[in-house]
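# Structural features, examined
Residue strings, one per chain:
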Amino acid sequence: MIPSAFEYHAPTSVAEAISLLGKHGDEAKILAGGHSLLPAMKLRLAAPGVLIDINKIAELRGVVINGSVNIGSMTTWAAIEQHEGLRSALPVLGETVSQIGDLQVRNRGTLGGSLAHADPSADAPALILALDAAIRVRGPGGERTIAAGDFFTDMLSTALEPDEIITAIVFRPLGAGEGAAYVKFAHPASRYAIVGAAAYVKLDGAKVSACRVAVTGAGPKAERQPEVEQAMLGGDGGDEAIAAASAKAGEGMDILGDIHASEDYRRAMVKVYMKRALTTAVGRAR
Ligand SMILES: Cc1cc2nc3c(=O)[nH]c(=O)nc-3n(C[C@H](O)[C@H](O)[C@H](O)COP(=O)(O)OP(=O)(O)OC[C@H]3O[C@@H](n4cnc5c(N)ncnc54)[C@H](O)[C@@H]3O)c2cc1C
């Protein structure tokens, strides 16, 4: 349970952190809350020779709401949960992060760290997909924005280049006629999602005019569910429509079984949790 030896750096600016990443190449790893990286290092599943701790970079922390909702990558779950402005601008964020781990995990774990790690059972990836958030990253070539839909590429893999740092995640606040929800079947010890579902719904009058849904915990990565979305569009968002759409959740998805839940069980739960997420999201949109 003791990690292998590593060199430690604590830069105070993003530029300094990027330059350290460039200098140390594959040997280096960014350290955020450390709630995924440090356990992996203690188990010797990861053995970076250099740790670049970004906790001292003030510009990466905090929430700014100015038309859009900008959350610094180093903002902890607890800070998101307790942010007054977010409770009205995007309450589903607090709802989601309050279900993560326990108080200690929420006090250290960060939104940027969770997205960069891309754990297949993490909660935030599904929500990011349903809300169609944008992920701002910076590297030696400057800044770029990655759409949530392009970010998660495989299990524990993302579109982030090795010399890039996530700086912020940008959301659009929800308005009248829009609703979102995140629900999960949590592992009883870690609280990671055995299955989680996020839903966003927009109603124009009585009709669903936009819908994005995503599932986490069930496959190698969080994934949108286009068949469910298509089935919801143009419908009345009533119980029957939601049941029919939710029945399509998991279609075409690579669903995994493990010691916590079999493939068949997860396939069934994906539909159950999708129905719950959609029902809540439609209720909030009305
Ligand atoms: C007991 C326990 C229970 C948990 N339960 C849940 C749960 O229920 N739901 C859930 O979603 N999560 C859960 N987590 C995970 C936790 O919420 C953290 O979000 C997660 O560990 C990653 O965030 P971090 O800040 O700790 O990142 P770190 O562990 O510091 O880093 C993770 C990876 O991301 C990279 N990285 C970090 N920040 C950046 C950045 N800004 N730019 C580029 N790369 C970066 C690091 O190099 C590393 O590879 C749990 C963790 C523990 C230990």
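One can find the structure itself at the top, above this paragraph.
Residues numbered from 1 in each chain as written. Predicted model: local features only at pLDDT ≥ 70, side-chain atom pairs only at ≥ 80, totals over all residues. Heavy atoms only, no water.

### Examining the packing of aromatic side chains
Rule in force here: Two rings belonging to Phe, Tyr or Trp (six-membered ring only in the last case) form a pair when the distance between their centres is within 6.5 Å. Interplanar angles under 30 degrees mark stacking, angles over 60 mark edge-to-face geometry, and anything in between is tilted. Numbering of helices and strands runs from the N terminus; a helix is a DSSP stretch of H or I covering at least four residues, while a strand is a stretch of E covering at least two. Working definition: with a 1.4 Å probe on protein chains only, accessible area under 20% of the residue-type maximum means buried, over 50% means exposed, and in between means partly exposed.
Summed over all chains, the structure comprises three aromatic pairs. Here the aromatic rings of Phe185 and Tyr265 are separated by 6.2 Å at their centres, their planes lie at 75°, and the arrangement is edge-to-face. Taken as a pair, Phe185 in strand S11 (residues 178-186) and Tyr265 in helix H12 (residues 263-285) lie far apart in primary sequence, 80 residues in all. Aromatic side chains Phe185 and Tyr273 sit 6.2 Å apart centroid to centroid with 15° between the ring planes, which places their arrangement in the stacked category. Pair noted here: Phe185 is in strand S11 and Tyr273 is in helix H12, with a separation of 88 residues, a long-range link. Given a relative accessible area of 24%, Phe185 falls into the partly exposed group. On the basis of relative accessibility, which here comes to 11%, the residue Tyr273 falls in the buried class.

### Overview of empty space enclosed by the protein
The cut-off we apply is this: A 1.4 Å probe that fits into a set of points on a 1 Å grid over the protein atoms alone but cannot get out defines a cavity; an open set with protein on both sides within 12 Å along at least five of seven lines defines a pocket, and lining residues are those with an atom within 4 Å of a point. Grid points are joined across faces, edges and corners, and a volume is the space filled by probe spheres set on the points. Classification used: nonpolar for Ala, Val, Leu, Ile, Met, Phe, Trp, Tyr, Cys and Pro, charged for Asp, Glu, Lys and Arg, polar for all others including Gly.
Following the criterion strictly, the structure yields one cavity of 30 Å³ or more and no others. Volume-wise, the largest cavity comes out at about 40 Å³. Contributing to the lining of the largest cavity are Trp77, Leu93, Thr96, Val97, Leu111, Ala124, Leu127, Ile128 and Phe171. Only helix H5 (91-97) and helix H8 (124-130) provide two or more residues apiece to the lining of the largest cavity. Residue composition of the lining of the largest cavity, grouped by class: eight nonpolar, one polar and no charged.

### Observations concerning the sheet that holds strand S14 (residues 223-224)
Just so we agree on the cut-off: Following DSSP output, two strands are said to pair if at least two bridges run between them.
One open sheet accounts for four strands, arranged S11-S12-S13-S14; its pairing is antiparallel. Across the chains shown, the open sheet's two edge strands, defined by having one partner strand only, are S11 and S14. Across two bridges, strand S13 (residues 207-216) lies against S14 in antiparallel orientation. From the neighbouring strand, Val215 faces S14, where its bridge partner is Glu223.

### Points about the nonpolar core
Burial of nonpolar side chains together is a common tendency in soluble globular proteins. Filter applied, for reference: Nonpolar core, defined: a set of buried Ala, Val, Leu, Ile, Met, Phe, Trp, Tyr and Cys residues in which side-chain atoms within 4.5 Å join the residues together. Note that domain bounds follow an automatic or database assignment of domains.
In this structure, Ile71, Leu111, Leu115, Ile128, Ile169 and Phe171 are the most contacted members of the largest nonpolar core, which totals 38 residues. The biggest single contributor to this core is H8, with six residues. If you count residues domain by domain, this core takes at least three from each of domain 2 (61-171) and domain 3 (178-285). The next biggest cluster of nonpolar side chains, apart from the first, holds 28 residues, and it includes Ile242, Met269, Met274 and Leu278.

### Some points on the site of the ligand
Rules: Nearness is judged by heavy atoms alone; a residue qualifies as near a molecule or strand once a single heavy atom is within 4 Å of it. Counting of polar contacts relies on pairs of N or O atoms within 3.5 Å, with two restrictions inside protein: one atom must be capable of donating a hydrogen and the other of accepting it, and residues adjacent in sequence are counted only when both atoms are side-chain atoms. Surface accessibility in these figures is a Shrake-Rupley result with a 1.4 Å probe; residues are shielded only by whichever protein chains are displayed. Each molecule is checked against the cavity or pocket grid, and it sits inside if more than half of its atoms lie within 2 Å of the grid points.
By nearness alone, 31 residues border the ligand, and Ile30, His35, Ser36, Thr110 and Asp123 come closest of all. His35 is positioned with one of its backbone polar atoms (N or O) 2.7 Å from an oxygen atom of the ligand. The separation between a nitrogen atom of the ligand and a polar side-chain atom of Tyr192 is 3.1 Å. Within the complex, the protein chains bury 90% of what would otherwise be the 970 Å² of accessible surface of the ligand. Comparing atom positions with the cavity grids shows the ligand to sit within the largest pocket. Elements supplying a minimum of two residues to the shell around the ligand: strand S2 (28-31), helix H7 (111-117) and strand S10 (165-171). The biggest single contributor to the shell around the ligand is H7, with four residues. Per-class residue counts for the shell around the ligand are 14 nonpolar, twelve polar and five charged.

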